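# Coordinates in review
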Amino acid sequence: MKFVSRKLLPVILAGAALGGSLIGCAPIVVGGAVMGSLVASDRRTSGAQLEDEGIELRAASRLRDNLGERGHVNVNSYNRRVLLTGEVPSAQDKQLVEQVVTRVENVQLVVNELAVLGNASLTQRSSDTLVTGRIKAALVDAKDLFANAYKVVTERGTTYLMGRVTQREADRATEIARSTPGVQKVVRVFEIISEDELRNLLPKPAANETKATPAK
């Protein structure tokens with residue numbers, strides 16, 4: 001079984017974008033500022049980002065202990081919401097994986113999308129990696145979206161979209177993903193926030209220049 005930590009993926013993929021163990025993963029491509037004040041930024045707190053990394057690492061370790069080499073499981077955590085994708089050999093293993101991950105510290109929600117199948121082929125994994133890269137590039141090109149607000153995972157032609165986004169952003173990203181060549185299905189695993197919450201997350205305008213000192 002192969003467990004992939006998302007924090008390591010950009011480094012690994014730089015040298016092996018089509019590696020067999022990197023299902024549905026691609027480097028996050030972050031563009032420059034768009035629409036003036038729009039910038040690519042992570043909407044999680046720094047604490048949540050650290051917790052997500054810890055969740056992925058602890059889950060991978062515990063799954064290795066419980067499942068050994070049975071199956072292929074990807075663990076992706078975003079703001080303490082965990083997406084499980086990949087393949088396991090039985091329904092019992094699928095349930096076991098969910099139980100193990102649910103007990104990991106700081107996990108708030110588990111979305112179990114594991115398939116009871118044999119492991120995907122290298123060709124399928126390579127195709128999934130390319131599809132994810134296309135979607136990420138399209139999100140960067142979309143001038144009305146923050147590309148880094150999304151996490152994209154593709155598994156056997158199904159694309160999963162994660163992130164803290166507004167309903168408008170969710171619908172727009174879904175439209176982009178569905179129109180991407182190679183995508184057979186889109187599953188949304190978003191945490192929906194309000195437009196007011198989004199405004200509070202945006203960088204605040206720079207303060208006005210220092211006021212002139214009155215003449216003595």
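This text goes with the structure placed above it.
Note that residues are indexed from 1 along each chain, following the sequence as it is written. Thresholds applied to this predicted model are a pLDDT of at least 70 for local features of residues and 80 or more for the giving and counting of side-chain atom pairs; totals over whole chains, interfaces and linings are not thresholded and use all residues. Only heavy atoms go into the side-chain values, all of them from the structure, while hydrogens and water stay out.

### Describing the overall build of the protein
In terms of regular secondary structure, the protein is built from six helices and seven strands. Per the convention used, a helix needs a DSSP run of H or I reaching at least four residues, while a strand needs a run of E reaching at least two, with both numbered from the N terminus. Secondary structure of the protein in N-to-C order comes out as α-α-β-β-α-β-β-α-β-β-α-β-α. The rule is simple: take the accessible area with a 1.4 Å probe, protein chains only, and divide by the maximum for that residue type; under 20% is buried, over 50% is exposed, in between is partly exposed. A total of 216 residues make up the protein; the buried ones form 47% of that total. Within the protein, contacts between residues at least 6 apart in sequence are counted, and of these 72% link residues at least 24 apart. Of the roughly 10800 Å² of accessible surface on the protein, a fraction of 53% belongs to carbon and sulfur atoms. We call two residues in contact whenever any of their non-hydrogen atoms come within 4.5 Å of each other. In this description, accessible areas are obtained by the Shrake-Rupley approach with a 1.4 Å probe, and a residue is regarded as covered only by the protein chains that are shown.

### Focus on the pairing of strand S6 (residues 158-165)
Most of S6 is tucked away, with eight of its eight residues classed as buried. One ladder, built from six bridges, connects strand S5 (residues 150-155) with S6; its direction is antiparallel. Along S6, the bridge assignment pairs Val-153 with Tyr-160. We treat two strands as partners when DSSP finds at least two bridges between them. Connecting the antiparallel pair S5 and S6 is a turn made up of two residues, with Arg-156 showing a positive phi of about 55 degrees. Inspection of the sheet shows S6 paired to strand S7 (residues 185-192) by eight bridges, in the parallel sense. Looking across to S7, one finds that Arg-164 is bridged to Glu-191. If the strands point away from the viewer and the path from the first strand over the helix to the second runs clockwise, then the crossover is right-handed. Note that the unit made of S6, helix H5 (residues 167-178) and S7 has a crossover that is right-handed.

### So, the packing of aromatic side chains
Between the rings of Phe, Tyr and Trp (Trp by its six-membered ring), a pair exists once the centres lie within 6.5 Å; its type follows the angle of the planes, with under 30 degrees stacked, over 60 edge-to-face, and the other angles tilted. What the rule picks out here adds up to one aromatic pair. Ring centres 6.0 Å apart and planes at 70 degrees place the aromatic pair Tyr-150 and Phe-190 in the edge-to-face group. Linking Tyr-150 in strand S5 with Phe-190 in strand S7, this pair joins segments that are 40 residues apart in sequence. Each of the two residues, Tyr-150 as well as Phe-190, counts as buried.

### Comments concerning unusual backbone geometry
Note: most residues except glycine have negative phi, and most peptide bonds are trans. Despite not being glycine, Asn-79 has its phi angle at roughly 55 degrees, a positive value. Within the fold, Asn-79 resides in the loop between strand S1 (72-78) and strand S2 (81-88). On the accessibility criterion, Asn-79 (10% relative accessible area) is buried. A positive phi is found at Arg-156, a non-glycine position, where the angle reads about 55 degrees.

### Looking at the environment of Phe-146
Mapped onto the secondary structure, Phe-146 falls in the loop between helix H4 (122-141) and S5. Residue class for Phe-146 comes out buried when judged on its relative accessible area of 4%. Taking the C-alpha atoms as reference points, Phe-146 and Arg-43, separated by 103 residues in sequence, lie 9.8 Å from one another.

### Thoughts on the sheet that holds S5
Here three strands make up an open sheet; going across it, the order is S5-S6-S7 and the pairing mixed. Strands with a single pairing partner mark the edges of an open sheet, and in this sheet they are S5 and S7. The sheet shows a mean angle of 15 degrees between the axes of neighbouring strands, taken without regard to direction. Structural elements are reduced to axes, namely lines fitted to C-alpha atoms, with helices fitted over the stretch in contact, and the angle between N-to-C directions of any two is expressed from 0 to 180 degrees. Here H4 sits on the sheet in contact with S5 and S6, set at roughly 155 degrees to S5.

### Some remarks on H5
Between the first and last residue of a helix there are one fewer steps than residues, each counted as 1.5 Å, and that sum is the expected span. The first and last C-alpha atoms of H5 sit 16 Å apart over 12 residues, in line with the 16 Å expected at 1.5 Å per residue. Within H5 the residues assigned to the buried category are Glu-169, Ala-170, Ala-173, Thr-174, Ile-176 and Ala-177. Within H5, the buried residues cover an arc of 160 degrees as seen down the axis, which keeps them to one side. Here, the arc refers to the directions that run from the helix axis to the C-beta atoms.

Fair warning: the whole summary comes from geometry, so function is off the table for now.
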